[in-house]
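Below are the chains, spelled out letter by letter.
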Amino acid sequence: MARDYYEILGVPKDAKDDELKKAYKKMAVKWHPDKHASKSESEKKEAEEKFKQMAEAFDVLSDSEKRAVYDRYGEEGLKAGGPPPSSHPEEQQHFKPGGGGPMGSGFTGGPSGHPTGAGYKFRSDPSEFFASFTRASNERQRSFGETPFEGRGGLEEMLFGGGTDAYHNGNQRHRRSAVPERCCSVSCSLEDLYRGRTRKMKVTRKSITPGRPTEKILELTIRPGFKAGTRMTFSGEGDEIEKGVAENVVFVLREVKHDRFVREGDDLHYECRVSLADALCGFTHDIEMLDEKVRIKRLNQKVPVSNLTTKVLPGEGMPVSKNSQRTGQKGDLIISFVVDFPTSELSEAQKKGVRAALSENA
C-alpha cells in the first residue's frame, strides 16, 4: 500500500520548506530510538520503523525534483522511476522514457516506455540522516550569533510584532491594541528563560496630566520556558499623547547566545567534542544543566560514536510554557558528537597497532 509522505510528517500538501523542517524535527525526536529504549521489543521496532519513515518522507518532500515526481505519480511511480505501468499508453505520453522525468529527475525508461526500476530508494541510515539534519540546523542558528526569533524573525518582527507570544500586563493575550506602542528589547540569558525570573525595568516618560510621574518601575515576570520574541505589554505606561491617553510599553524578550546550548523550540542542542580514541573506546562526559542548583547529566558512552551520531535525552530540554496540556513538562536534550581526528601523520608503529585493533573488531 502506497504511503502518504505528507500524512507521515503531518503537513499539508502545499507545505513550505520551513514547515517541512519543523515537522520532520518534531516527529524524528518523538520517534527517536533513544526515547523508546526502555520499552518492549514491539514498541522499539515500531519506533525504529516510524523514525525511518520520517527520514524518507522528509528526504523526498524537501527535494523539489523528488517531490514533483511524487506529487504527480505517488510513491509507486517515484520508486519505479516515473509513472507506474498503465494499460493506456496515452495516459503516459507526458513521460519521456530515457529523457528524465518531470523537473529533470533523471529517471530512465526501458524499451517499452516503462521505467526500468532505476528510481528512488532511501539508502541513508535514519540516525545519520537525522544527525546531519541536526548539525546543519545548529550551524544555521549559531551563524546568527543569537538564537533567531521563531516566525519571520529579525529586527522588524521584534519591534513591530509577530513574536511567539504576547502578554498584557502579565497575562497572555492574542490581539494587539490600536494604541501606539513603545517597544524595548530585553536581553535574557538561556538560564533566565529556563528558570524564570522577575526583572524590574525603569521607564522614563512624558506626562501631560498633572501629578503623573515621569518615571515608573515596571516588573516583568519572565516565566520558565518563555521564548525569544515574546512580547510583554504594559498599557498606558509610556509617553502621554494627550491628556488621559498614553502609549503602551512593550518589552520584547531577546535570547543571548549561550556557550553550551542552542535552543530550538522546547528542545536544547548540545555538541560534545571527543578525541578519536574516546570515540572508539568509550568515554564519560559531564554536561552542566541550566538549573539554579548545579545539576550534572553524565554520559556513559560505551558504543563508538561518529560525527553522525546523535543521542536524545527525553525531558532534559526547556520547560514547556505555551501548551497547558504539557504544563510542568520539558522538551528534550539532543546531543551531537564532534570527533577530533589527529592532525599529524601517525608513526608506522601506530598505524600497525590501529590496523591490528580494527581488523580484530571487524
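Above this text sits the structure in question.
Keep in mind that what you see is a predicted model, and the values were worked out from it rather than measured.

A. Seen up close, the overall build of the protein chain. The number of helices and strands found in the protein chain is nine helices and 15 strands. Here the protein chain holds 362 residues, and the buried ones make up 42% of them. Put simply, the protein chain shows about 20,300 Å² of open surface, and 50% of that area lies on carbon and sulfur atoms.

B. A look at the sheet that holds strand E10 (residues 261–264). Strand order across the open sheet formed by four strands is E10-E11-E15-E14, with mixed pairing between neighbours. Looking along the sheet, the strands with just one partner apiece sit at the ends: E10 and strand E14 (310–313). Looking at each pair of strands side by side, their axes are set apart by 25 degrees on average, direction ignored. Where E14 and strand E15 (residues 333–340) come together, four bridges link them in antiparallel fashion. Each residue of the ladder has a partner; that of Val312, found in E15, is Ile334.

C. Structural context of the pattern of salt bridges. In the structure shown here, the tally under the stated rule is 26 salt bridges. In this structure, the salt-bridge partner of Lys202 is Glu215, at a minimum N-O distance of 3.4 Å. Here Lys202 is found in strand E4 (residues 197–204), whereas its partner Glu215 is found in strand E5 (residues 215–222), with 13 residues between them in sequence. With relative accessibility at 55%, the residue Lys202 sits in the exposed group. We classify Glu215 as partly exposed; its relative accessible area is 42%. Note that Glu345 is salt-bridged to Lys351, the shortest N-O span being 2.9 Å. Glu345 gets classed as exposed once you look at its relative accessible area, which sits at 67%. Bridged by salt links that share partners, the residues Arg3, Glu56, Glu75 and Lys79 form one connected network.

D. Highlighting a nonpolar patch on the surface. A cluster of nonpolar side chains, contributed by Leu280, Leu346, Val354 and Leu358, occupies part of the molecular surface with about 320 Å² of accessible area. Of note, Val354 is situated in helix H9 (residues 348–361). Classification of Val354 as partly exposed rests on a relative accessible area of 41%.

E. Looking closely at the nonpolar core. Counting 34 residues, the largest nonpolar core has Phe251, Leu253, Phe261, Ile287, Leu333 and Ile335 as the members making the most contacts within it. In this view, Leu333 contacts Phe261, Leu268, Tyr270, Ile287, Met289, Lys311, Val312, Leu313, Glu316 and Gly317; residues no more than four positions away in its chain are not counted. Ranked by size, the runner-up nonpolar core spans 32 residues in total, among them Leu9, Ala23, Phe58 and Leu78.

F. Quick look at helix H4 (residues 64–80). For H4, spanning 17 residues, the distance from its first C-alpha to its last is only 18 Å, which falls clearly below the expected 24 Å at 1.5 Å a residue. Helix geometry: H4 is bent most strongly at Gly74, by close to 125 degrees. Turning to H4, its buried residues are Arg67, Val69, Tyr70, Tyr73, Glu75, Gly77 and Leu78. As for H4, its buried residues are in contact with helix H1 (5–9), helix H2 (17–30) and helix H3 (41–61). Capping of H4 at its N-terminal end is provided by Asp63; its side-chain oxygen lies 3.0 Å from the backbone amide nitrogen of Glu65. Trailing H4 by a residue or two, Gly81 shows a phi angle of about 105 degrees, which is positive.

G. Representation of the packing of aromatic side chains. Counting across every chain of the model gives 13 aromatic pairs. Aromatic side chains Tyr6 and Tyr70 sit 6.1 Å apart centroid to centroid with 40 degrees between the ring planes, which places their arrangement in the tilted category. A residue pair is termed long-range when its members are at least 10 positions apart, and Tyr6 in helix H1 and Tyr70 in helix H4 qualify at 64 residues. Across the pair, Tyr70 and Tyr6 agree in class, each one buried. Considering the side-chain rings of Tyr24 and Phe133, the 5.0 Å spacing of their centres and the 85 degrees angle between planes classify their relative orientation as edge-to-face.

H. Looking closely at H2. The first and last C-alpha atoms of H2 sit 20 Å apart over 14 residues, in line with the 20 Å expected at 1.5 Å per residue. Taken residue by residue, H2 has Leu20, Ala23, Tyr24, Lys25, Met27, Ala28 and Val29 as its buried positions.

I. Molecular detail of a negative patch on the surface. Residues Asp14, Asp17, Asp18 and Glu19 make up a contiguous surface patch of negative charge. The topology assignment puts Asp14 in the loop between H1 and H2.

How each quantity is defined
- Residues numbered from 1 in each chain as written.
- Predicted model: local features only at pLDDT ≥ 70, side-chain atom pairs only at ≥ 80, totals over all residues.
- Heavy atoms only, no water.
- Helix = DSSP H or I, 4+ residues; strand = E, 2+ residues; numbered from the N terminus.
- Buried < 20%, exposed > 50% of the residue type's maximum accessible area, 1.4 Å probe, protein only.
- Areas by Shrake-Rupley, 256 points an atom, 1.4 Å probe, with all protein chains shown as cover.
- Pairing = 2+ DSSP bridges.
- Axes fitted to C-alpha atoms, helices over the stretch in contact; angles between N-to-C directions.
- Salt bridge = Lys/Arg side-chain N within 4 Å of Asp/Glu carboxyl O.
- Patch = residues over 30% accessible without salt bridge, like charges linked within 9 Å, V, L, I, M, F, W, Y side chains within 5 Å.
- Core = buried A, V, L, I, M, F, W, Y, C linked by side-chain atoms within 4.5 Å.
- Contact = heavy atoms within 4.5 Å.
- Expected span 1.5 Å × (residues − 1).
- Bend = angle between axes of the 7 residues up to and from the residue.
- Polar contact = N/O pair within 3.5 Å; in protein donor to acceptor, adjacent residues only side chain to side chain.
- Phe/Tyr/Trp six-rings, centres within 6.5 Å; stacked < 30°, edge-to-face > 60°.
- Lys, Arg positive; Asp, Glu negative; His and termini not counted.
- Charge placed at Lys NZ, Arg CZ, Asp CG, Glu CD.

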